[in-house]
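# Close look at the chain arrangement
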Amino acid sequence: MKNQEVEIRALLPDKDENFHDELIQTGASKIGESILEDWYYCPNHVTDFSEIEMKEIGTYSLRIRKSTGFISDEGELNVKIISRYDDHSSWEEQEVKVSSVEEMKKILRSIGFKKYFEIRKERTDYILGELNISVEKIKGLGYAIEVEIMTTREKSSEAKNKIRKFLSRLNINPDNAVPKSITNILMRKLSKF
């Protein structure tokens, strides 16, 4: 079963709206645009981001997402679980659609979780073979790209190499790669416990 998400993210300080044309020139197909609203949750007892930092195997992030505009409006509950120490480019991912984002928030609160961070992004999604590509415009941060492949744990290194080659084709500076996640950068600054 392919439940290992392998992804590499990079900030795009030197890119603008024309970057979408560059993606199409690689053969990628645009599949949609959406606005994403994400709410991250942690146990009520947490008082600092360091307590939920995803490093150890088995540590996780718990997120509710509302997606508006791409295919339809929908919500989901998602968990990403570290499967290799401090590796934020390959982890186990599970998610389920939810019919009511507001009801899911109430459920999490009732079982001992609180919201500590939220983010809103404008996203354009593309596909190229097994590569899922998302270009995001994030308020206060600018443009970023995320390229992912869903695979098995055994094939995660191979998937990382495929993604790196694709980013190289786009002339994305490897120094702009984000070792954890772009969301992690903002969480460190803006989380409230």
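Residues numbered from 1 in each chain as written. Predicted model: local features only at pLDDT ≥ 70, side-chain atom pairs only at ≥ 80, totals over all residues. Heavy atoms only, no water.

Applying the stated rule across the entire model yields two aromatic pairs. Relative to Phe117, the ring of Tyr40 has its centre 6.0 Å away and its plane inclined at 45°; by these criteria the two rings are tilted. Taken together, the residues span a long stretch of sequence, with Tyr40 in strand S2 (residues 29–43) and Phe117 in strand S6 (residues 113–128) at a distance of 77 residues. You can call Tyr40 buried: its relative accessible area is 6%. Here the aromatic rings of Tyr116 and Phe193 are separated by 5.2 Å at their centres, their planes lie at 10°, and the arrangement is stacked. Of this pair, Tyr116 sits in strand S6 while Phe193 sits in the segment after helix H4 (182–190), placing them 77 residues apart in sequence. The class for Tyr116 is buried, based on a relative accessible area of 6%. (Phe/Tyr/Trp six-rings, centres within 6.5 Å; stacked < 30°, edge-to-face > 60°. Helix = DSSP H or I, 4+ residues; strand = E, 2+ residues; numbered from the N terminus. Buried < 20%, exposed > 50% of the residue type's maximum accessible area, 1.4 Å probe, protein only.)

What follows deals with the pattern of salt bridges. Summed over the entire model, instances satisfying the criterion amount to 16 salt bridges. For Lys30, the salt bridge identified is with Glu33, shortest N-O distance 2.7 Å. Here Lys162 ties to Glu130 by a salt bridge, and the two come within 2.5 Å at their closest N and O atoms. Residue Lys162 is found in helix H3 (residues 156–169), and its partner Glu130 is found in the loop between S6 and strand S7 (131–138); the two are separated by 32 residues along the sequence. Ionic contacts of the salt-bridge type, sharing partners, join the residues Asp38, Arg65, Lys121, Arg123 and Glu136 into one network. (Salt bridge = Lys/Arg side-chain N within 4 Å of Asp/Glu carboxyl O.)

The next thing to look at is the confidence of the model for the chain. Mean pLDDT for the chain: 91, with 97% of residues reaching 70 or above. By mean pLDDT, H4 is the weakest element of the chain at 88, and helix H2 (residues 101–110) is the strongest at 97. (pLDDT = per-residue confidence, 0-100.)

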